[in-house]
Amino acid sequence: MKKKAFLFLIHAVFLFNSCQKEVPTTEITSENLTPERKSVVEDCKKWFNEKYNSPKKLAAMKSGDAGTSSDDVGQPDWNQASFLELSPRISEFARFPLKGATVNCSYTAKMNPKGFRDLLLRKKGDADFYSDILEIHPDESYLKEKLKEKDLPEGTDMRKLIDNDDFTGYFLVYAMDNSLRFGERREKGAVTTRLSIPNQK
């Protein structure tokens, strides 16, 4: 059965060094992964564990700019994989919730400091991946409206509340060293403001 997810990846210009233009995306997430996608999840897990999953390597992931959002980038929940397909056809990418990530940061006066983080991975070879950290900060008023609209209790996972078409809040992308690469504000699904990022090349 198809599981609805929000597609915060319409503007792929800032994702993965190989994607330097905006491209549309199609959600292909399902609750029961195909054998091929299960294999991709295992490849993602192996790559991440070899590259980052040691105290020394994880410390390097936390060494970004002083203004970064999280003291702990979290651990991917490999059991909650989502897959999105880019068009024109390039390799699809996998998205994993980052459990334990501390999100408590505001870059503007309007920004809700609370939010959540996901890991994004896309294959760039047989044994390597492009990687980024996606961070979402929904407005508090938006979350309250969605709780009422969906008749869900306080404390519901924000991911279950957000719809791409009407999302209001901030959308951020971090590199794996936890430095901010991209940020924008959206209101009712439309981009209204791009964040200025100092020293960005």
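A few points on the structure. This structure is a prediction, so every number in the text was calculated from the model and none was measured. (Residues numbered from 1 in each chain as written. Predicted model: local features only at pLDDT ≥ 70, side-chain atom pairs only at ≥ 80, totals over all residues. Heavy atoms only, no water.)

## Section: the overall build of the protein chain
Part 1 of the argument: Check the secondary structure of the protein chain and you find three helices and nine strands.
Part 2 of the argument: Each helix and strand of the protein chain, ordered N terminal to C terminal, gives the series β-α-α-β-β-β-β-β-α-β-β-β.
Part 3 of the argument: When contacts within the protein chain are restricted to residue pairs at least 6 apart in sequence, long-range pairs at least 24 apart make up 58% of them.
Part 4 of the argument: For the protein chain, the exposed area adds up to about 10,700 Å²; of that, 49% sits on carbon and sulfur atoms. (Helix = DSSP H or I, 4+ residues; strand = E, 2+ residues; numbered from the N terminus. Contact = heavy atoms within 4.5 Å. Areas by Shrake-Rupley, 256 points an atom, 1.4 Å probe, with all protein chains shown as cover.)

## Description of the nonpolar core
Here is a general trend for soluble globular proteins: nonpolar side chains tend to be buried in one another's company.
Part 1 of the argument: Core analysis: the biggest nonpolar cluster contains 23 residues, and C44, F48, W78, F96, L119 and L121 have the highest contact counts within it.
Part 2 of the argument: Mapped by element, the contributors of at least two residues to this core are helix 1 (35–51), strand 4 (90–99), strand 5 (116–123), strand 6 (129–138) and strand 7 (169–174).
Part 3 of the argument: Ranked by the residues each element gives to this core, the list is headed by helix 1, at four residues.
Part 4 of the argument: Ranked by size, the runner-up nonpolar core spans 16 residues in total, among them L134, L143, F171 and F182. (Core = buried A, V, L, I, M, F, W, Y, C linked by side-chain atoms within 4.5 Å. Buried < 20%, exposed > 50% of the residue type's maximum accessible area, 1.4 Å probe, protein only.)

## Re the packing of aromatic side chains
Part 1 of the argument: Per the counting criterion, the structure on display carries seven aromatic pairs.
Part 2 of the argument: On the numbers, 5.5 Å between centres and 45 degrees between planes, the contact of F48 with Y52 is tilted. Accessibility assignment for this pair places F48 and Y52 in one class, buried.
Part 3 of the argument: A centroid spacing of 5.7 Å and a plane angle of 80 degrees characterise the contact between Y142 and F167, whose relative ring orientation is edge-to-face. Pair noted here: Y142 is in helix 3 (residues 140–150) and F167 is in the loop between helix 3 and strand 7, with a separation of 25 residues, a long-range link. Taken individually, Y142 and F167 each receive the classification buried, so the pair is uniform in this respect.
Part 4 of the argument: Put simply, the rings of W47, F48, Y52, W78, F96 and F129 pair up and form one aromatic cluster.
Part 5 of the argument: Its guanidinium or amino end placed over the ring of Y174, R117 lies 4.3 Å from that ring's centre, counting from NZ or CZ.
Part 6 of the argument: Above the face of the F171 ring, R186 is positioned so that its terminal group lies 4.7 Å from the ring centre. (Phe/Tyr/Trp six-rings, centres within 6.5 Å; stacked < 30°, edge-to-face > 60°. Lys NZ or Arg CZ within 6 Å of the ring centre and 35° of its normal.)

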